[in-house]
Amino acid sequence: MNARLTQSGWRVIPLPHSGLDITNQDDVRDAVELFRPDVVINCVATADVDRCEIDRDWAFAVNASGPRFLARACREFGADIVHVSTDYVFDGSKEGFYTQEDEPKPLSVYGAAKLAGEFAVREEAERFYVVRTSWLFGVGGKNFGSRIIEYARRGANLKGVIDQTSIPTYAPDLAGRIEQIIRLRAHGLYQVTSSGPTTWFDFARRALDLAGFGELQIVPVKREDLNQRAPRPHNTAMRCLVSEKLGLEPLRHWSDALIDFVRDITEKSM
Ligand SMILES: NC(=O)c1ccc[n+]([C@@H]2O[C@H](COP(=O)([O-])OP(=O)(O)OC[C@H]3O[C@@H](n4cnc5c(N)ncnc54)[C@H](OP(=O)(O)O)[C@@H]3O)[C@@H](O)[C@H]2O)c1
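Novice: Just to check I follow, could you spell out the pattern of salt bridges for this structure?
Specialist: Once their charged atoms are close, side chains differing in charge can pair, the charge on each being opposite to the other. Applying the stated rule across the entire model yields 20 salt bridges. Here Glu124 ties to Arg72 by a salt bridge, and the two come within 2.9 Å at their closest N and O atoms. Taken as a pair, Glu124 in helix H5 (residues 109–124) and Arg72 in helix H4 (residues 56–77) lie far apart in primary sequence, 52 residues in all. A relative accessible area of 34% means that Arg72 is categorised as partly exposed. One network of salt bridges, in which partners are shared, links Asp173, Arg252, Asp260, Arg263 and Asp264.

Novice: Which parts of the structure should I look at to understand the site of the ligand?
Specialist: Taken together, 20 residues sit near the ligand, with His17, Asp21, Tyr110, Lys114 and Leu136 positioned nearest. Asp21 is positioned such that a nitrogen or oxygen atom in its side chain is 2.9 Å from a nitrogen atom of the ligand. A distance of 2.7 Å is found between an oxygen atom of the ligand and a side-chain nitrogen or oxygen belonging to Lys114. Compared with its free state, where it exposes 890 Å², the ligand has 67% of that area covered by protein. Of all elements in the fold, only strand E2 (80–86) and H5 reach the threshold of two or more residues within the shell around the ligand.

Novice: In this structure, what is going on with the packing of helix H6 (residues 144–154) against helix H8 (residues 200–210)? I would like to understand it.
Specialist: When two helices pack together, you describe them by how their axes are tilted relative to each other and by the distance separating the axes. Viewed as axis vectors pointing N to C, H6 and H8 meet at an angle of 55°, and their least axial separation amounts to 10 Å. It follows that H6 is oblique to H8 by the angle criterion. In this structure, H6 crosses over H8, and the sense of that crossing is right-handed. Residues Phe144, Gly145, Ile148, Ile149 and Ala152 of H6 lie in contact with H8, whose contacting residues are Trp200, Phe203, Ala204, Ala207 and Leu208. Tallied by class, the residues present in the contact of H6 with H8 amount to 9 nonpolar, 1 polar and no charged.

Novice: Is there a simple way to think about the side chain of Asp80 in this case?
Specialist: Within the secondary structure, Asp80 sits in strand E2. Of note is the side chain of Asp80, whose polar atom sits 2.4 Å from the side chain of Arg127. Once residues lying within four places of it in the same chain are set aside, the contact partners of Asp80 are Asp38, Val39, Val40, Cys74, Arg127, Tyr129, Arg185 and His187.

Novice: How should a nonpolar patch on the surface be read in this particular structure?
Specialist: Side chains of Ile13, Leu15, Leu34 and Phe35 sit close together on the surface and give an oily, nonpolar patch of about 350 Å² of accessible area. With respect to the element layout, Leu34 can be found in helix H2 (residues 25–35). On the basis of relative accessibility, which here comes to 63%, the residue Leu34 falls in the exposed class.

Novice: I would appreciate a short explanation of the environment of Glu215 in the present structure.
Specialist: Structurally, Glu215 is set in the loop between H8 and strand E10 (219–221). Overall, Glu215 belongs to the exposed group, its relative accessible area being 56%.

Novice: Can you help me understand the nonpolar core in this one?
Specialist: Proteins that are soluble and globular tend to have nonpolar side chains buried together. By size, the foremost hydrophobic cluster in this structure holds 31 residues, and its most contacted members are Phe137, Ile148, Leu208, Leu258 and Phe261. Within the residue set of this core, elements represented by two or more residues are helix H3 (49–54), H5, H6, H8 and helix H10 (254–268). For Ile148, the residues in contact, after removing those within four places along its chain, are Leu158, Ala204, Ala207 and Leu208. Core analysis: the next-biggest nonpolar cluster, separate from the first, contains 19 residues, Val28, Val32, Ala79 and Phe128 among them.

Novice: Would you mind going over a negative patch on the surface with me for this structure?
Specialist: On the surface, a cluster of negative charge is contributed by Asp21, Asp26, Asp27 and Asp30. By secondary structure assignment, the location of Asp27 is in helix H2.

Novice: Got a minute to help me understand the packing of aromatic side chains in this structure?
Specialist: What the rule picks out here adds up to 10 aromatic pairs. Taken together, a centroid distance of 4.2 Å and an interplanar angle of 45° make the contact between Phe144 and Trp200 tilted. Highlighted residues: Phe144 in helix H6 and Trp200 in helix H8, separated in sequence by 56 residues. Every member of this aromatic cluster is reached through a ring pair, and the members are Trp135, Phe137, Phe144, Tyr170, Trp200, Phe203, Trp254 and Phe261.

Conventions we followed
- Residues numbered from 1 in each chain as written.
- Predicted model: local features only at pLDDT ≥ 70, side-chain atom pairs only at ≥ 80, totals over all residues.
- Heavy atoms only, no water.
- Salt bridge = Lys/Arg side-chain N within 4 Å of Asp/Glu carboxyl O.
- Helix = DSSP H or I, 4+ residues; strand = E, 2+ residues; numbered from the N terminus.
- Buried < 20%, exposed > 50% of the residue type's maximum accessible area, 1.4 Å probe, protein only.
- Near = heavy atom within 4 Å.
- Polar contact = N/O pair within 3.5 Å; in protein donor to acceptor, adjacent residues only side chain to side chain.
- Areas by Shrake-Rupley, 256 points an atom, 1.4 Å probe, with all protein chains shown as cover.
- Axes fitted to C-alpha atoms, helices over the stretch in contact; angles between N-to-C directions.
- Parallel < 35°, antiparallel > 145°, perpendicular 65-115°, else oblique.
- Left-handed = near helix turned anticlockwise from the far one by under 90°.
- Contact = heavy atoms within 4.5 Å.
- Nonpolar A, V, L, I, M, F, W, Y, C, P; charged D, E, K, R; others polar.
- Patch = residues over 30% accessible without salt bridge, like charges linked within 9 Å, V, L, I, M, F, W, Y side chains within 5 Å.
- Core = buried A, V, L, I, M, F, W, Y, C linked by side-chain atoms within 4.5 Å.
- Lys, Arg positive; Asp, Glu negative; His and termini not counted.
- Charge placed at Lys NZ, Arg CZ, Asp CG, Glu CD.
- Phe/Tyr/Trp six-rings, centres within 6.5 Å; stacked < 30°, edge-to-face > 60°.

The structure is reproduced here in structure tokens:
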């Protein structure tokens with residue numbers, strides 16, 4: 001996000017966790033008062049879905065109260081807020097694509113806390129962009145894309161889930177779309193993903209083939225075989241009615257973005 005916006009000429013003030021804890025209301029207010037930003041982009045979350053299940057207070061503090069404090073401060077100091085949210089607000093039982101008209105029904109504490117965060121932002125902020133996305137991958141973070149390459153390099157056993165569907169979304173493409181939306185000043189609830197639903201298994205297979213690990217096997221598994229604490233929604237592919245109405249082109253297919261990702265992650269390791 002930072003790189004993309006800086007490249008486009010924005011003055012970005014990144015605030016890492018060590019510089020601001022968004023669960024502290026006074027610190028959040030002080031930070032917004034100090035910097036007086038035009039736009040606050042909230043990428044903070046506790047995205048450890050299984051840990052959220054056993055630490056509900058922490059999940060709600062970071063994913064719901066924190067966004068509330070940010071949105072409140074944005075209203076007070078006249079800033080717009082972009083709040084990144086998730087496909088896990090849906091229960092995954094729908095066939096086909098979820099739109100903004102579908103009722104969110106989270107299965108997990110993480111999903112419930114993120115949904116509460118969305119409502120808090122919509123309630124507190126004067127001007128907001130809530131941007132749901134799914135299955136983020138990109139260089140630099142701890143995500144499925146970077147992990148699969150890292151595990152392959154280490155020669156670890158690889159497993160890929162075959163019974164969960166969504167859309168892997170390339171973080172730099174999401175950042176570009178967020179910038180576009182901010183420039184349009186079209187406030188509202190968005191669902192921004194790359195194109196093309198798939199499974200983790202197929203995503204991993206394609207990533208390994210592109211990265212030169214075509215000979216490595218991936219064991220196909222079902223979600224339930226992994227004994228994870230938090231339930232995951234079966235299908236959360238989304239489309240965005242607001243973007244369609246605004247005439248915004250769909251983001252490119254995840255498999256095209258994956259080519260850039262694999263090139264960049266390979267260059268980074270050289
Ligand atoms: N990853 C996905 O597949 C996915 C899918 C859909 C939606 N999303 C959404 O996309 C956004 C980014 O997710 P991500 O996966 O990139 O998350 P991430 O890598 O875990 O990054 C979250 C960031 O939030 C920071 N943070 C945590 N608690 C904080 C606090 N109390 N105050 C300030 N900063 C804090 C973390 O810092 P530390 O690491 O130092 O604690 C980390 O830098 C989130 O809103 C998430 O819900 C992610």
